[in-house]
Amino acid sequence: MKDFTECCLVEFDPSAVSFEDLLIEFGKMHSPTSQRSRQYRSVIFYADEDQKETAEEYVNGLKSSNRGEIYTKVEKMTKFYKGEEYHQNYIAKMSGKSLY
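The structure displayed is predicted, hence computed values, not measured ones. Within each chain, residue numbers correspond to sequence positions counted from 1 in written order. Note on the predicted model: pLDDT of at least 70 is required for a residue's local features to be given, and 80 or more for side-chain atom pairs to be given and counted; whole-chain, interface and lining totals, by contrast, use all residues. As a rule here, side-chain values come from all non-hydrogen atoms in the structure, and water together with hydrogens is ignored.

**Points about the environment of Tyr58**
Runs of E in the DSSP output that reach at least two residues are strands. Runs of H or I that reach at least four are helices, and both are numbered from the N terminus. Along the chain, the position of Tyr58 falls in helix α2 (residues 49–63). For the pair Tyr58 and Glu20, spaced 38 residues apart in sequence, the C-alpha separation works out to 7.9 Å. Excluding residues that lie within four positions of it along the chain, Tyr58 makes contacts with Leu23, Ile24, Phe26, Gly27 and Ile44. The criterion used for residue contact is that any of the two residues' heavy atoms lie within 4.5 Å.

Here is the structure:
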(Lines give C-alpha, C1' and ligand atoms only; values in the text may rest on other atoms or scores of the structure.)
Protein backbone atom coordinates (compact mmCIF):
# COMPACT_ATOMS: atom_id res chain seq x y z
CA MET A 1 0.00 0.00 0.00
CA LYS A 2 1.74 3.17 -1.15
CA ASP A 3 -1.00 5.79 -1.30
CA PHE A 4 -2.20 6.02 2.28
CA THR A 5 -2.45 8.31 5.28
CA GLU A 6 -1.72 7.09 8.78
CA CYS A 7 -4.67 7.88 11.01
CA CYS A 8 -6.76 6.49 13.82
CA LEU A 9 -10.39 5.52 13.76
CA VAL A 10 -12.30 7.03 16.66
CA GLU A 11 -15.58 5.35 17.48
CA PHE A 12 -17.59 7.46 19.89
CA ASP A 13 -21.00 7.89 21.46
CA PRO A 14 -22.30 11.34 20.45
CA SER A 15 -24.50 11.41 23.57
CA ALA A 16 -21.29 11.27 25.66
CA VAL A 17 -18.91 13.42 23.59
CA SER A 18 -19.50 15.66 20.61
CA PHE A 19 -17.64 15.57 17.31
CA GLU A 20 -16.66 19.18 17.99
CA ASP A 21 -15.07 18.18 21.32
CA LEU A 22 -13.10 15.48 19.49
CA LEU A 23 -11.86 18.09 17.03
CA ILE A 24 -10.66 20.27 19.90
CA GLU A 25 -8.68 17.34 21.31
CA PHE A 26 -7.37 16.56 17.82
CA GLY A 27 -6.10 20.13 17.63
CA LYS A 28 -4.17 19.72 20.88
CA MET A 29 -2.29 16.69 19.54
CA HIS A 30 -0.65 18.09 16.43
CA SER A 31 0.17 21.20 14.48
CA PRO A 32 -2.12 21.98 11.54
CA THR A 33 0.60 24.28 10.18
CA SER A 34 3.05 21.53 9.26
CA GLN A 35 3.06 20.48 5.64
CA ARG A 36 3.96 16.81 5.45
CA SER A 37 3.91 13.87 3.09
CA ARG A 38 0.63 12.16 2.27
CA GLN A 39 1.46 9.48 4.85
CA TYR A 40 1.68 11.98 7.73
CA ARG A 41 -0.57 14.81 6.57
CA SER A 42 -3.11 16.61 8.71
CA VAL A 43 -6.61 15.51 7.78
CA ILE A 44 -10.05 15.21 9.37
CA PHE A 45 -12.18 12.42 7.94
CA TYR A 46 -15.94 12.82 8.29
CA ALA A 47 -18.69 10.18 8.23
CA ASP A 48 -21.71 12.36 7.40
CA GLU A 49 -22.68 15.85 6.30
CA ASP A 50 -23.05 17.14 9.88
CA GLN A 51 -19.49 16.08 10.68
CA LYS A 52 -18.28 17.60 7.40
CA GLU A 53 -19.84 20.95 8.27
CA THR A 54 -18.44 20.86 11.82
CA ALA A 55 -14.95 19.93 10.56
CA GLU A 56 -15.01 22.69 7.92
CA GLU A 57 -16.04 25.23 10.56
CA TYR A 58 -13.20 24.02 12.79
CA VAL A 59 -10.61 24.35 10.00
CA ASN A 60 -11.97 27.76 9.00
CA GLY A 61 -11.57 28.83 12.63
CA LEU A 62 -7.94 27.71 12.51
CA LYS A 63 -7.41 29.68 9.30
CA SER A 64 -8.82 32.85 10.85
CA SER A 65 -6.67 32.49 13.99
CA ASN A 66 -3.53 33.84 12.27
CA ARG A 67 -1.50 30.74 13.17
CA GLY A 68 0.11 30.62 9.75
CA GLU A 69 -0.89 28.55 6.78
CA ILE A 70 -3.24 25.70 7.75
CA TYR A 71 -2.69 22.43 5.92
CA THR A 72 -5.45 20.39 7.58
CA LYS A 73 -7.82 18.93 4.99
CA VAL A 74 -11.41 17.73 5.43
CA GLU A 75 -12.24 14.58 3.48
CA LYS A 76 -14.95 11.93 3.37
CA MET A 77 -14.07 8.78 5.27
CA THR A 78 -13.51 5.78 3.04
CA LYS A 79 -12.15 2.30 3.70
CA PHE A 80 -10.14 2.07 6.92
CA TYR A 81 -7.31 -0.46 7.18
CA LYS A 82 -6.15 -1.37 10.67
CA GLY A 83 -2.39 -1.07 11.17
CA GLU A 84 -0.05 -3.74 12.45
CA GLU A 85 -0.32 -4.76 16.10
CA TYR A 86 2.81 -2.84 17.11
CA HIS A 87 1.01 0.38 16.08
CA GLN A 88 -2.02 -0.34 18.29
CA ASN A 89 -2.26 1.63 21.58
CA TYR A 90 1.04 3.27 20.69
CA ILE A 91 0.92 6.07 23.24
CA ALA A 92 0.08 3.64 26.05
CA LYS A 93 2.91 1.35 24.97
CA MET A 94 5.32 4.30 24.94
CA SER A 95 4.31 5.52 28.40
CA GLY A 96 7.34 6.99 30.09
CA LYS A 97 9.38 6.95 26.88
CA SER A 98 10.04 9.80 24.50
CA LEU A 99 7.53 9.81 21.63
CA TYR A 100 9.89 11.83 19.42
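**Observations concerning the nonpolar core**
By nonpolar core we mean a set of buried residues, namely Ala, Val, Leu, Ile, Met, Phe, Trp, Tyr and Cys, connected to one another through side-chain atoms within 4.5 Å. The buried label applies to any residue whose accessible area, calculated with a 1.4 Å probe on protein chains only, is under 20% of its type's maximum; exposed applies above 50%, and partly exposed to all values in between. Core analysis: the largest hydrophobic core is formed by 8 residues, namely Phe19, Leu23, Ile44, Ala55, Tyr58, Val59, Leu62 and Ile70. Among the secondary structure elements, those contributing two or more residues to this core are α1 (19–29) and α2. Top element by residues in this core is α2. It accounts for 4 residues. Once you skip the residues sitting within four places of it in the chain, Val59 turns out to touch Ile44, Ile70, Thr72 and Val74.

**Description of α1**
Of the residues making up α1, those classed as buried are Phe19, Leu23 and Gly27. Seen from one end, α1 has its buried residues packed into an arc of 90 degrees, which puts them on one side. Exposed residues on α1 whose side chains face more than 90 degrees from its buried face are Lys28 and Met29. Residues of α1 that are buried in the fold lie against β1 (43–46) and α2. Arc, as used here, means the arc of the directions from the helix axis to the C-beta atoms.

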